[in-house]
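Here is what each chain is made of, one letter per residue.
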Number of protein chains: 2
Amino acid sequence: MKVEVRVYPREGILDPQGKAIAAALVRLGHGSVEGVRAGKIFFLDVAGDDRAKVEAEARVMAEELLANTVIEGYDVRVL
Amino acid sequence: MKVEVRVYPREGILDPQGKAIAAALVRLGHGSVEGVRAGKIFFLDVAGDDRAKVEAEARVMAEELLANTVIEGYDVRVL
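Residues numbered from 1 in each chain as written. Chains lettered and ligands numbered in written order. Predicted model: local features only at pLDDT ≥ 70, side-chain atom pairs only at ≥ 80, totals over all residues. Heavy atoms only, no water.

Caption draft 1: Representation of the relation of the copies chain A and chain B within the structure. Structural alignment of chain A on chain B gives an RMSD of 0.0 Å, achieved by rotating through 180° and translating 0.0 Å along the axis. Taken together, the rotation angle and the small translation identify this as a two-fold axis. Ranked by how close their C-alpha atoms come to the rotation axis, the residues of chain A are headed by Lys40(A), at 2.1 Å. Taken together, the interface assignments show that 97% of the residues at the interface of chain A recur at the interface of chain B, consistent with an identical surface on both copies. (Least-squares fit on C-alpha atoms with pLDDT ≥ 70 in both. Contact = heavy atoms within 4.5 Å.)

Here you go:
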């Protein structure tokens with residue numbers, strides 16, 4: 001099954017990469033940009049046909065490796 | 001408006017980061033993982049109330065800065 005795991009900075013955590021990208025976009029002429037937060041997305045192929053089980057396993061993968069849960073949140077979507 | 005831009009390796013482009021993550025997940029016991037591709041996601045706050053215009057501008061931002069279109073694809077979603 002295809003699974004998407006999105007990882008993003010938690011609310012209140014500084015995101016210097018996002019800030020730098022926002023500043024660069026404004027410099028490029030995109031003055032309507034008010035803020036950017038930069039995250040990661042992982043597209044997983046996972047064997048199995050039980051959606052709930054695959055989603056639960058992907059959450060464990062996020063907790064163990066894909067996200068740093070001290071500073072990052074994540075969400076999981078089975079397609 | 002909130003806009004999400006997802007950037008991912010194009011089909012056929014090597015993704016060493018994704019390969020390393022897949023191998024690490026298998027080592028951690030997630031033997032059901034068959035593949036991982038690693039991408040980026042940018043959460044933008046963009047001023048404006050014309051969805052089509054905001055989406056079009058976000059596509060320009062992706063082409064100019066957020067994605068390296070030689071090796072990466074992207075998609076844009078206005079929330």
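So, next bit.
Caption draft 2: Quick peek at the interface of chain A and chain B. Taken together, the contacts link 33 residues of chain A with 32 residues of chain B. Here chain A is connected to chain B by two salt bridges. Where chain A packs against chain B, one counts 18 residue pairs in polar contact (both at pLDDT 80 or more). In terms of residues, the side of chain A that touches chain B owes the most to one element, strand β2 (residues 33-46) of chain A, which gives 14 residues. (Salt bridge = Lys/Arg side-chain N within 4 Å of Asp/Glu carboxyl O. Polar contact = N/O pair within 3.5 Å; in protein donor to acceptor, adjacent residues only side chain to side chain. Helix = DSSP H or I, 4+ residues; strand = E, 2+ residues; numbered from the N terminus.)

Caption draft 3: Region of the structure containing the sheet that holds strand β3 (residues 72-78) of chain A. With respect to topology, six strands assemble into an open sheet ordered β3(A)-β1(A)-β2(A)-β2(B)-β1(B)-β3(B), the strand pairing being antiparallel. Bordering the open sheet on either side are β3 of chain A together with β3 (72-78) of chain B, each of which pairs with just one other strand. Taking the axes of each pair of neighbouring strands and ignoring which way they run, one obtains an average angle of 25° across the sheet. Direction of pairing for strand β1 (residues 2-9) of chain A relative to β2(A): antiparallel, over a ladder of six bridges. Pairing of Val5(A) across the sheet is with Phe42(A), part of β2(A). Running over the sheet, helix α1 (residues 16-27) of chain A touches β2 of chain A together with β2 (33-46) of chain B and is turned about 120° from β2(A). (Pairing = 2+ DSSP bridges. Axes fitted to C-alpha atoms, helices over the stretch in contact; angles between N-to-C directions.)

Caption draft 4: Quick peek at the confidence of the model for chain A. Of the residues in chain A, 100% have a pLDDT of 70 or more, and the chain-wide mean is 97. Our summary of model confidence lists the complex with pTM equal to 0.94 and ipTM equal to 0.93. (pLDDT = per-residue confidence, 0-100.)

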